[in-house]
Amino acid sequence: MVSIVLFQFEECPYCAKVRAKLEEKGLRYEKVNVSSNRDDPLRTELFEKTNVHTVPVIKIGEIYIGDSGRIIQYLNESF
């Protein structure tokens, strides 16, 4: 099974939608709460990998996907 990491804000409604989809699909994942500061090194790294400034961002294996709509579409098509 591929490793899945969800980079998120706990209170983010878009992150909650992605968490719900992961749970609906029965996928195990790790949650990483990120800083709200866009200058945070992790946020900078996520932007460089996805070209998206917002969360959620998901890492599936070595693939990074930003934007909840794109993440949910990927999960529906791939799992």
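Rules and cut-offs
Residues numbered from 1 in each chain as written. Predicted model: local features only at pLDDT ≥ 70, side-chain atom pairs only at ≥ 80, totals over all residues. Heavy atoms only, no water. Helix = DSSP H or I, 4+ residues; strand = E, 2+ residues; numbered from the N terminus. Rg over C-alpha atoms; globule rule 2.2 N^0.38 Å. Buried < 20%, exposed > 50% of the residue type's maximum accessible area, 1.4 Å probe, protein only. Contact = heavy atoms within 4.5 Å. Areas by Shrake-Rupley, 256 points an atom, 1.4 Å probe, with all protein chains shown as cover. Lys, Arg positive; Asp, Glu negative; His and termini not counted. Charge placed at Lys NZ, Arg CZ, Asp CG, Glu CD. Salt bridge = Lys/Arg side-chain N within 4 Å of Asp/Glu carboxyl O. Pairing = 2+ DSSP bridges.

### Describing the overall build of the chain
For step 1, the next point in the chain: Across its full length, the chain holds 3 helices and 4 strands.
For step 2, the next point in the chain: For the chain, whose C-alpha radius of gyration is 12 Å, the value lies close to the compact-globule estimate of 12 Å for 79 residues.
For step 3, the next point in the chain: With the C-alpha coordinates of the chain rotated into their principal frame, the extents come out at 35 × 25 × 20 Å.
For step 4, the next point in the chain: Out of the 79 residues in the chain, the part that is buried amounts to 38%.
For step 5, the next point in the chain: In the chain, of all internal contacts separated by at least 6 residues, the share reaching a separation of at least 24 is 50%.
For step 6, the next point in the chain: Accessible surface, the chain as shown: approximately 4800 Å² in total, 47% of it carbon and sulfur.
For step 7, the next point in the chain: Within the chain, one finds 11 positive and 12 negative side-chain charges whose respective centroids are separated by 4 Å.

### Overview of the environment of Pro41
For step 1, the next point in the chain: Topologically, Pro41 is positioned in helix 2 (residues 41–50).
For step 2, the next point in the chain: On a C-alpha basis, the gap between Pro41 and Asn76 in space is 30 Å, while along the polypeptide they are 35 residues apart.

### Side note on the environment of Ser3
For step 1, the next point in the chain: Mapped onto the elements of the fold, Ser3 is located in the segment before strand 1 (4–8).
For step 2, the next point in the chain: Separated by 56 residues in the primary sequence, Ser3 and Lys59 place their C-alpha atoms 7.9 Å from one another.
For step 3, the next point in the chain: For Ser3, the contacting residues outside a window of four places in its chain are Lys59, Ile60 and Gly61.

### Here we look at the pattern of salt bridges
For step 1, the next point in the chain: Scanning the entire structure with this criterion turns up 2 salt bridges.
For step 2, the next point in the chain: When the shortest N-O distance is used, the salt bridge between Lys31 and Glu10 registers 3.6 Å. Remark: Glu10 occurs in the loop between strand 1 and helix 1 (13–24) and Lys31 occurs in strand 2 (residues 30–33); sequence separation between them is 21 residues.
For step 3, the next point in the chain: Of the residues examined, Lys31 reaches a relative accessible area of 40% and is grouped as partly exposed.

### Concerning the pairing of strand 3 (residues 57–60)
For step 1, the next point in the chain: Of the two faces of strand 3, the one lined by Val57 and Lys59 and the one lined by Ile58 and Ile60 are each fully buried.
For step 2, the next point in the chain: With 4 bridges connecting them, strand 3 and strand 4 (residues 63–66) associate as antiparallel partners. Paired with Ile58 across the bridge in strand 4 is Ile65.
For step 3, the next point in the chain: Here strand 3 folds back onto strand 4 in antiparallel fashion, the turn holding 2 residues, of which Gly61 has a positive phi close to 65 degrees.

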